[in-house]
Amino acid sequence: MPEKIKYDIDELLDKRQYAKLKDILGHMNEADIVELFETLYGDNFDEEREFLILYRLLPKNLAAEVFSFMNHDMQEHLINAFTDKELREILSKSFIDDTVDLVEEMPANVVARILRNSSTGARRAINDILKYPKDSAGSIMTIEYVNIHKDMTVIEAFDKIRRVGLNKETIYTCYVTENRRLIGFVTVKDLFMAEESDIIGDIMETNIICAETNEDREKVAAMFRKYDFLAIPVVDTDYRLVGIVTFDDAMDVIQDENTEDVSKMYAMTPMEDSYFRTGILRHAGNRIIWLLILMVSMTITGVITMNYENAFAAVPLLVSFMPMIMDTGGNCSSQSSTLIIRGMALDEIRFSDFFKVVFKEFRISLIISAVLALINGVRIYLMYGHSLALSATIAVSIIATVVMSKLIGAALPMLAKKCRLDPAIMAAPLLATIVDLCSIVLYFNIASAILNL
């Protein structure tokens, strides 16, 4: 958001030049207006009278668009400030899927007011969508689509689009239904390229890619990546068209899933809100559980280390190489797990590829470990008294650790997926703890064998 716009808004508000303010806001994009509000007021909009003034200066259609882009705290504040008439106007111009998102996030008293001021049809649609599981295609779909009949002509189809299109989420793709069953679709491009007298049934596409209402929403989002659609129809078990999922909703799903995966990969409970809108106690609670688990699990490393006190006493220098061995193992496993988790998220890697993936990582690990072992073996030989036995110990330990780490990093996320767990939990912190334990055991067993400890 340019600083000049922020400065102009502040100055015009001080001078109460509302006509100029209305003109400036009326020519801005809805997303930019929301960013402006956040820049001007941050989290203090509850106390800012100017926030309501600016919002009420927006044209009605633009106001509804801006409202849908706002975070839930802003929306709740506005709803509490709205009259019933203002709330009805906003809800009448909002798409059903946006209203459903609003209902899911608002307190009970706000939800009651939203439903009370919604039309009968909107209330019925909201309740129908809320019945679907939270992570299903049905929960993110909208019922605002254009459906036409196969016996219509192209000109009749255009007439219907003009008549109902204003209140639909998208008009680019029109769905052909018969007794509510989905039998085909046509795009506006198809209609433009056809003759006005052509029958829809003759030009429609019957090879339909669709989702079922209870299908996982993450799979639906993956369909957008695969097919590059702007919208995907959603059908019930009888193949009746009940809604569509649009590209913007799929993008929201992908963002939410990526945020969840990143949180799990770094040993945190996923947050339901943004960083700044999540309280300190909630942040601490999201992090401390996994930290406690990892801290307790690391005590096992101490127990294992105590079993090799004789090795420490015989060759104290072995202790100085422990961090290098453990860090190398952790880094190698993180590399492999990150690539495998990403591959599974993009549906490039499936559990049926398990042995193929493990064998590939094994070959990669041989190359990497050979290079690392050679460099470190020579370094240790030159720096620590030309001890061939010590150099061999570290070199062999590195080879064993890298191979083991790469295999574990590749296998665990795939096994987690097979067990219906999120593969992201097998990422950096938890995986590093497992690899550290295995690395220590390998290291001291190899040292004991080579150095005769």
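This text gives an overview of the structure that appears in the document.

Basis of the calculations
Residues numbered from 1 in each chain as written. Predicted model: local features only at pLDDT ≥ 70, side-chain atom pairs only at ≥ 80, totals over all residues. Heavy atoms only, no water. Helix = DSSP H or I, 4+ residues; strand = E, 2+ residues; numbered from the N terminus. Contact = heavy atoms within 4.5 Å. Areas by Shrake-Rupley, 256 points an atom, 1.4 Å probe, with all protein chains shown as cover. Patch = residues over 30% accessible without salt bridge, like charges linked within 9 Å, V, L, I, M, F, W, Y side chains within 5 Å. Salt bridge = Lys/Arg side-chain N within 4 Å of Asp/Glu carboxyl O. Buried < 20%, exposed > 50% of the residue type's maximum accessible area, 1.4 Å probe, protein only. Core = buried A, V, L, I, M, F, W, Y, C linked by side-chain atoms within 4.5 Å. Lys, Arg positive; Asp, Glu negative; His and termini not counted. Charge placed at Lys NZ, Arg CZ, Asp CG, Glu CD.

A short note on the overall build of the protein
Part 1 of the argument: For the protein, the helix and strand inventory stands at 22 helices and six strands.
Part 2 of the argument: Relative to all contacts within the protein whose residues are 6 or more apart in sequence, the contacts with residues 24 or more apart total 67%.
Part 3 of the argument: Taken as a whole, the protein presents about 24600 Å² of accessible surface, with 57% of it coming from carbon and sulfur.

With respect to a nonpolar patch on the surface
Part 1 of the argument: Taken together, the side chains of Ile288, Ile289, Leu292, Ile293, Met295 and Val296 present a nonpolar region at the surface, about 560 Å² in accessible area.
Part 2 of the argument: In this fold, Ile289 is placed in helix 17 (residues 280-306).
Part 3 of the argument: With relative accessibility at 48%, the residue Ile289 sits in the partly exposed group.

Examining the nonpolar core
Part 1 of the argument: Counting residues in hydrophobic clusters, the biggest one holds 59 residues, and the most contacted among them are Phe37, Leu54, Tyr55, Val66, Phe67 and Met70.
Part 2 of the argument: For this core, the element with the most residues is helix 3 (residues 30-41), which contributes six residues.
Part 3 of the argument: Counting 20 residues, the second-largest nonpolar core is a separate cluster that includes Met326, Ala373, Ile398 and Ala447.

Remarks on the environment of Ile96
Part 1 of the argument: By secondary structure assignment, the location of Ile96 is in helix 8 (residues 96-105).
Part 2 of the argument: Note on Ile96: relative accessible area 8%, which makes it buried.
Part 3 of the argument: Each C-alpha atom, one on Ile96 and one on Ile140, is 10.0 Å from the other, the two residues being 44 residues apart in sequence.
Part 4 of the argument: The residues touching Ile96, leaving out its near neighbours within four places in the chain, are Ala122, Ala125, Ile129, Thr142, Ile143 and Glu144.

Topic: a positive patch on the surface
Part 1 of the argument: Together, Lys219, Lys417, Lys418 and Arg420 make up a region of like positive charge exposed at the surface.
Part 2 of the argument: When you line up the elements, Lys219 lands in helix 15 (residues 217-227).
Part 3 of the argument: Residue Lys219 is classed as exposed on the basis of its relative accessible area, which comes to 54%.

The quantities given are spatial measurements derived from coordinates; they are silent on function.
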